[in-house]
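# A closer look at the structure
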Amino acid sequence: MTTTTATTARTTTTAATATATAARQTGRVDFAKAAPKAFKALISLDAAAREGLDPALVELVQIRSSQLNNCAYCLHMHTTDAHKAGESDERIALVGVWEEAGKGGFYTEKEQAALALTEAVTLLPGGVPDEVYERAARHFEERELAQLIALIFTINSWNRIAVTTRKVPGQG
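Quick summary incoming for the structure in this document. Note that this is a predicted model, so its numbers are computed, not measured.

What counts and what doesn't
Residues numbered from 1 in each chain as written. Predicted model: local features only at pLDDT ≥ 70, side-chain atom pairs only at ≥ 80, totals over all residues. Heavy atoms only, no water. Helix = DSSP H or I, 4+ residues; strand = E, 2+ residues; numbered from the N terminus. Buried < 20%, exposed > 50% of the residue type's maximum accessible area, 1.4 Å probe, protein only. Polar contact = N/O pair within 3.5 Å; in protein donor to acceptor, adjacent residues only side chain to side chain. Contact = heavy atoms within 4.5 Å. Axes fitted to C-alpha atoms, helices over the stretch in contact; angles between N-to-C directions. Parallel < 35°, antiparallel > 145°, perpendicular 65-115°, else oblique. Left-handed = near helix turned anticlockwise from the far one by under 90°. Phe/Tyr/Trp six-rings, centres within 6.5 Å; stacked < 30°, edge-to-face > 60°. Nonpolar A, V, L, I, M, F, W, Y, C, P; charged D, E, K, R; others polar. Expected span 1.5 Å × (residues − 1).

### Considerations on the side chain of arginine 64
Within the fold, arginine 64 resides in helix 4 (residues 55-68). Assessed through its relative accessible area of 11%, arginine 64 is described here as buried. A polar contact of 2.8 Å, which involves the side chain of arginine 64, links it to the side chain of glutamate 119. Arginine 64 has contacts with Val95, Gly96, Trp98, Leu115, Thr118 and Glu119, leaving out every residue within four places of it along the chain.

Structure representation (structure tokens):
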């Protein structure tokens, strides 16, 4: 089983279990149960978006998006997954202040470009500024950049589902 397949299988199982647990605890909809086709489609999109991207970078992007969206459930999941992908406690702790930490050498230029794009796509403050897009395009080949964009909008979808259904961190 490939790493991507194993991660997708774990994510599917974890997400389904956690969704059911959270629904029982919050009285909100169990998204996986109530909309199984949409849930499975999002799982497939998530797996496709990760293809060809560094697993540690994937987790940094997902952590930053989850921070911006105030999604404690996803933040908990992706900090745990970042540790499994080999990320250090320092880099995980500093991702919320990546620009300043980048000046200290904690993040590569490529990672900083990915995190800048993550913030622009997540917040959409009137669109993605040309300089942010161009910065990312300098560090990622076209296919890799497309994968990164897909990853960012996929984690934003997961964040919105988890926040809306009040998924509980650590459950599942």
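Having put the structure on the table, let's press on.
### Some details on the packing of helix 9 (residues 130-139) against helix 10 (residues 142-164)
One way to put it is that helix 9 packs onto helix 10 with a least axis distance of 8 Å and a crossing angle of 130°. What the angle tells us is that helix 9 and helix 10 run oblique. For helix 9 against helix 10, the interelement crossing comes out right-handed. Where helix 9 approaches helix 10, its residues Tyr133, Ala136, Ala137 and His139 are matched on the opposing element by Glu144, Leu145 and Ile149.

### A word on the environment of threonine 118
Residue position: threonine 118 is located in helix 8 (residues 109-123). Between the C-alpha atoms of threonine 118 and leucine 148, which are 30 residues apart in sequence, the distance is 8.6 Å. Setting aside its immediate chain neighbours within four residues, threonine 118 contacts Val61, Arg64, Ser65 and Ile152.

### Observations regarding the packing of aromatic side chains
Inspection of every chain in the model, using the stated rule, returns 2 aromatic pairs. Consider the rings of phenylalanine 31 and phenylalanine 39, whose centres lie 6.4 Å apart with planes at 65°: the pair is edge-to-face. Exposure class is identical for phenylalanine 31 and phenylalanine 39. Each is buried. Ring centres 5.7 Å apart and planes at 75° place the aromatic pair phenylalanine 39 and tryptophan 158 in the edge-to-face group. Of this pair, phenylalanine 39 sits in helix 3 (residues 36-50) while tryptophan 158 sits in helix 10, and the two are 119 residues apart along the sequence. Assessed through its relative accessible area of 6%, phenylalanine 39 is described here as buried. On the basis of relative accessible area, tryptophan 158 is assigned to the buried category, the value being 11%. An aromatic cluster is present here, built from Phe31, Phe39 and Trp158 joined pairwise through their rings.

### Quick look at the packing of helix 4 against helix 10
The description of two packed helices rests on the angle between their axes and on the distance between the axes. Where helix 4 contacts helix 10, the axes come no closer than 9 Å and their chain directions differ by 45°. In terms of orientation, helix 4 and helix 10 fall into the oblique class. At the point where helix 4 passes helix 10, the crossing takes the right-handed sense. Of helix 10, the residues touching helix 4 (which contributes Val58, Val61, Gln62, Ser65 and Ser66) are Leu148, Leu151, Ile152, Ile155, Asn156 and Asn159. When its residues are assigned to classes, the contact of helix 4 with helix 10 shows 6 nonpolar, 5 polar and no charged.

### Quick notes on helix 5 (residues 72-84)
Look at helix 5: 18 Å from first C-alpha to last across 13 residues, which is about the 18 Å you get at 1.5 Å a residue. Burial in helix 5 covers these residues: Tyr73, Cys74, Met77, His78, Thr79, Asp81 and Ala82. Phi turns positive, to about 95°, at glycine 86, one or two residues after helix 5.

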